[in-house]
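# Working through the structure, step by step
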Amino acid sequence: MAEDSDLERTEDPSPRRLEDARAKGQIARSQELVAFSVLLAGLGSIMAMGGSILDGFKKIFRDTLVFDRGTLADMDLVVARFAQASWDGLMIVLPVSATIAVAAVLASILLSGWLFTWDAVAPKFSKLNPISGIGRMFSIRSLVEMSKAILKSALIGGIAAFTIWSERDEIAQLIVMPPYESLAYLVDMIETTLLIVVGSMIVIVLIDVPYQLWDYKRNLRMTKEEVKQENKESDGDPHIKAKIRQLQMQAARQRMMAEIPKANVIVTNPTHYAVALRYDEKTMQAPQVVAKGAFLLAERIIEIGKENKVPILRTPPLARALYHHADLGQDIPTALYSAVAEVLAYIMQLTSFRKFGGHSPTLSSTLPVPPELDPGGEA
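Conventions and cut-offs
Residues numbered from 1 in each chain as written. Predicted model: local features only at pLDDT ≥ 70, side-chain atom pairs only at ≥ 80, totals over all residues. Heavy atoms only, no water. Helix = DSSP H or I, 4+ residues; strand = E, 2+ residues; numbered from the N terminus. Buried < 20%, exposed > 50% of the residue type's maximum accessible area, 1.4 Å probe, protein only. Contact = heavy atoms within 4.5 Å. Areas by Shrake-Rupley, 256 points an atom, 1.4 Å probe, with all protein chains shown as cover. Pairing = 2+ DSSP bridges. Axes fitted to C-alpha atoms, helices over the stretch in contact; angles between N-to-C directions. Core = buried A, V, L, I, M, F, W, Y, C linked by side-chain atoms within 4.5 Å. Phe/Tyr/Trp six-rings, centres within 6.5 Å; stacked < 30°, edge-to-face > 60°. Lys NZ or Arg CZ within 6 Å of the ring centre and 35° of its normal. Expected span 1.5 Å × (residues − 1). Arc of directions from axis to C-beta. Salt bridge = Lys/Arg side-chain N within 4 Å of Asp/Glu carboxyl O. Patch = residues over 30% accessible without salt bridge, like charges linked within 9 Å, V, L, I, M, F, W, Y side chains within 5 Å.

### Topic: the overall build of the protein chain
Counting secondary structure elements, the protein chain contains 13 helices and four strands. Buried positions account for 30% of the 379 residues belonging to the protein chain. Pairs at least 24 apart in sequence give 74% of the contacts found in the protein chain among residues at least 6 apart. Accessible surface for the protein chain amounts to roughly 24,600 Å². Of this, 62% is attributable to carbon and sulfur atoms.

### Let's talk about the sheet that holds strand 2 (residues 273–278)
What the four strands build is an open sheet, ordered 3-2-1-4; its pairing is mixed. The two strands at the open ends of the sheet, each matched to only one other strand, are strand 3 (288–294) and strand 4 (312–314). Taking each pair of neighbouring strands and ignoring which way they run, the sheet shows an average axis angle of 20 degrees. On the sheet, helix 11 (residues 296–307) packs against strand 1 (265–268), strand 2, strand 3 and strand 4 and is oriented at approximately 130 degrees with respect to strand 3. Contacts from helix 12 (residues 316–325) reach strand 1, strand 2, strand 3 and strand 4 within the one sheet, and its direction differs from that of strand 2 by about 80 degrees.

### Some points on helix 12
Taken as a whole, helix 12 has its buried residues at Leu-318, Ala-319, Arg-320, Ala-321 and Leu-322. Here the buried face of helix 12 lies against strand 1, strand 2, strand 3 and helix 13 (337–356).

### Digging into the nonpolar core
Core analysis: the biggest nonpolar cluster contains 23 residues, and Leu-277, Leu-318, Leu-322, Leu-336, Val-340 and Val-343 have the highest contact counts within it. Elements with a minimum of two residues in this core: strand 1, strand 2, helix 12 and helix 13. A total of seven residues in this core trace back to one element, the largest contributor, which is helix 13. Dropping the residues within four chain positions of it, Leu-277 is found in contact with Ala-263, Asn-264, Val-265, Gln-288, Val-289, Val-290, Leu-322, Ile-332 and Val-340. Of all hydrophobic cores here, the second largest spans 14 residues; its members include Ile-266, Ala-276, Ala-298 and Ile-304.

### Focus on the packing of aromatic side chains
The final tally for this structure, using the stated rule, is two aromatic pairs. Here the aromatic rings of Tyr-273 and Tyr-323 are separated by 4.6 Å at their centres, their planes lie at 40 degrees, and the arrangement is tilted. Highlighted residues: Tyr-273 in strand 2 and Tyr-323 in helix 12, separated in sequence by 50 residues. Under the relative-accessibility criterion, Tyr-323 is labelled partly exposed at 23%. Cation over ring: Lys-292 sits above Tyr-323, and NZ or CZ is 5.5 Å from the ring centre.

### So, helix 11
Between the first and last C-alpha of helix 11 there are 17 Å, a value that for 12 residues agrees with the 16 Å anticipated at 1.5 Å per step. For helix 11, every residue scored as buried is listed here: Ala-298, Ile-301, Ile-302, Ile-304 and Gly-305. Within helix 11, the buried residues cover an arc of 165 degrees as seen down the axis, which keeps them to one side. The exposed residues of helix 11 that point more than 90 degrees off its buried face are Leu-296, Lys-306 and Glu-307. In the segment just after helix 11, Lys-309 is the residue with positive phi, at about 60 degrees.

### What to know about the side chain of Ser-30
With respect to the helices and strands, the residue Ser-30 is situated in the loop between helix 1 (15–23) and helix 2 (31–64). Setting aside anything within four residues of it in sequence, one finds Ser-30 in contact with Leu-111, Asp-208, Val-209 and Gln-212.

### Notes on the pairing of strand 2
The buried fraction of strand 2 amounts to five of the six residues, a majority that puts the element mostly inside the structure. Across four bridges, strand 1 lies against strand 2 in antiparallel orientation. For Val-267, the partnering residue across the bridge sits in strand 2 and is Val-275. In this antiparallel pair of consecutive strands, strand 1 and strand 2, the connection spans four residues.

### Concerning the pattern of salt bridges
If charged atoms from side chains of opposite charge come close, those side chains can pair. Summed over all chains, the structure comprises six salt bridges. Among the salt bridges present, the one from Asp-215 reaches Arg-218, with a minimum N-O distance of 2.7 Å. Remark: Arg-218 and Asp-215 occur in helix 8 (residues 179–219); sequence separation between them is three residues, near one turn of the helix. The two residues Asp-215 and Arg-218 agree in class, both being buried.

### Some points on a nonpolar patch on the surface
A contiguous nonpolar patch, built from Trp-87, Leu-90, Met-91 and Leu-94 and spanning about 390 Å² of accessible area, is present on the exposed surface. Summarising the element assignment, Trp-87 is placed in helix 4 (residues 75–110).

### Considering unusual backbone geometry
Notably, Phe-295 is not glycine yet its phi reads approximately 55 degrees, a positive angle. If you trace the backbone, Phe-295 turns up in the loop between strand 3 and helix 11. Even without a glycine there, the phi angle at Lys-309 is positive, about 60 degrees. Mapped onto the elements of the fold, Lys-309 is located in the loop between helix 11 and strand 4. Since its relative accessible area comes to 76%, Lys-309 is described here as exposed.

### Here's the deal with the side chain of Ser-37
Residue position: Ser-37 is located in helix 2. For Ser-37, a relative accessible area of 16% corresponds to the buried category. In this structure Ser-37 touches Ala-103 and Ala-107, once residues within four positions along its chain are discounted.

Now the structure itself:
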């Protein structure tokens, strides 16, 4: 497909794509780094413990593999001697083997860290596709791996051949040399050979590690469409997000409208703005805005207020100031305490007048609204 073409994959893999690949067991690996680490660990172990290893094998030859006539006559004793020699030899080389095993594990996790996943070992029938298999055989990766294998074989084989050829005379003399001397010579020859091999493999490792990291990210590169789709999935579909916001606004508006009948007063502009105020001296420290709106929403607030017999006052400066500077469900700004207090006092007096009669209250036409809080004051 066109979207799967390498020419189309021009974008670096995203963190999410890297995490998904890692979860599937797809990480950068360098077999050359592991081989180099194993050889280096083996060489270091032999150089550090070569003396003790040699002494251990000398002891085995001297104490275990030397038989007298009586021992040879008892086959069970001979078998026990060989079993003990095998066990002692295993214990001698165990530190070297353990060091090599630790080096192999550390080298494996050096590039991409520790990873354990069942996806890497799960059967995948897609790998049985012969067409895909042929494609992998002639891929750039396969060619690189084949080139590395040829280079390693030539390198190690050449070093082994050179070592044997240069030491051919000494190797021929091993037959007549005492066992202890021949064993020491073999250990020394192994150290020399490993040292040359390790030194030569540094070049291969320095080439292979950067290539593996580059090839890993190259195989995970994304098309521009994949990047867009991932961003859409991560951030959410804009249409869905807009619909969610719309539903949230509708729910908030419904809750706001349900609070209007509990208001003490609604101040208006008269139709541009409408703000419903509520104050309960037992539960509130200051009056709060329970509903506010402009234009059509203001008309709806006024309409609900009338239906529930909530007093409605035309106070344009106060209505504008509350609409722009008071948050829904929060206390009003302290700068508007005096103005709102006059309004609430007027409402209380008006309610008392309607119930018991007496002197009709009046509301000041110039409420103490700070000019800086009234955005429409100059107009």
